[in-house]
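# Observations on chain architecture
One-letter residues, chain by chain:
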Amino acid sequence: QIIPVQASNPGQFESDSDALWQRGQAPETIAYHGRVGINTDAPDEALVVCGNAKVMGRVMHPSDSRAKQNIREVDTNEQLRRITQMRLVEYDYKPEFASVMGIKDT
């Protein structure tokens, strides 16, 4: 017997074959193959958080010699010359933007 059901969330009764969440290879991990949005339904990156995020640890962004190749010394005089050609600016946030973003020192 089939009982019709109307869901308030249209994706609530999708089949398991459509699920993108999977158990990870390491114990106690999960994997999602796609983009994740918190407080947004249109994430444009792997993870988009619209709101504050609290991190109780480190945010890791590996950038050492194990991830690089062709590492070589540079001419510091040439690099300083290039820096003098950069456009450097100072600015203040607009008050309406600062208040929405919770910025106190504009």
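Residues numbered from 1 in each chain as written. Predicted model: local features only at pLDDT ≥ 70, side-chain atom pairs only at ≥ 80, totals over all residues. Heavy atoms only, no water.

The protein carries the name MRFL protein in an unreviewed UniProt entry, which gives Urocynchramus pylzowi as its organism.

### With respect to the packing of aromatic side chains
Let me state the cut-off plainly: The aromatic pairing rule takes the rings of Phe, Tyr and Trp, using the six-membered ring of Trp, and pairs them if the centres are within 6.5 Å, calling planes under 30 degrees apart stacked, those over 60 edge-to-face and the rest tilted. Put simply, DSSP H or I for four residues or longer makes a helix, DSSP E for two residues or longer makes a strand, and each gets a number counted from the N terminus. When accessible area is computed with a 1.4 Å probe and restricted to protein chains, residues below 20% of their type maximum are described as buried, those above 50% as exposed, and intermediate ones as partly exposed.
The final tally for this structure, using the stated rule, is three aromatic pairs. Ring centres of Trp-21 and Tyr-32 lie 4.5 Å apart, and the angle between their planes is 45 degrees; this geometry places the pair in the tilted category. Of this pair, Trp-21 sits in strand β1 (residues 21-23) while Tyr-32 sits in strand β2 (residues 30-32), placing them eleven residues apart in sequence. Look at Tyr-32 and you get partly exposed, because its relative accessible area is 27%. Aromatic pair Tyr-93 and Phe-97: ring centres 5.4 Å apart, planes at 35 degrees, arrangement tilted.

### Brief notes about the environment of His-33
Applied cut-off: When checking whether two residues touch, look at their non-hydrogen atoms; a contact exists if any pair is within 4.5 Å. N or O atoms within 3.5 Å of each other form a polar contact, as long as, within protein, one can give a hydrogen and the other can take it, and as long as residues adjacent in sequence are counted only when both atoms are side-chain atoms.
Position of His-33 among the secondary structure elements: in the loop between β2 and β3 (36-38). Given a relative accessible area of 51%, His-33 falls into the exposed group. Residue contacts for His-33: discarding those within four places in its chain leaves Leu-20 and Gln-22. Here the side chain of His-33 touches Gln-22 through a polar contact of 3.4 Å, side chain to side chain.

### Comments concerning unusual backbone geometry
Its identity is not glycine, yet Glu-28 carries a phi of approximately 60 degrees, on the positive side. Looking at where Glu-28 falls in the secondary structure, it is placed in the loop between β1 and β2. Judged by relative accessible area, Glu-28 falls into the exposed class, the value being 86%. The phi dihedral of Asn-70 is positive, around 55 degrees, even though this residue is not glycine. Within the secondary structure, Asn-70 sits in the loop between β4 (47-49) and α1 (76-84). Asn-70 sits in the exposed class, given a relative accessible area of 61%.

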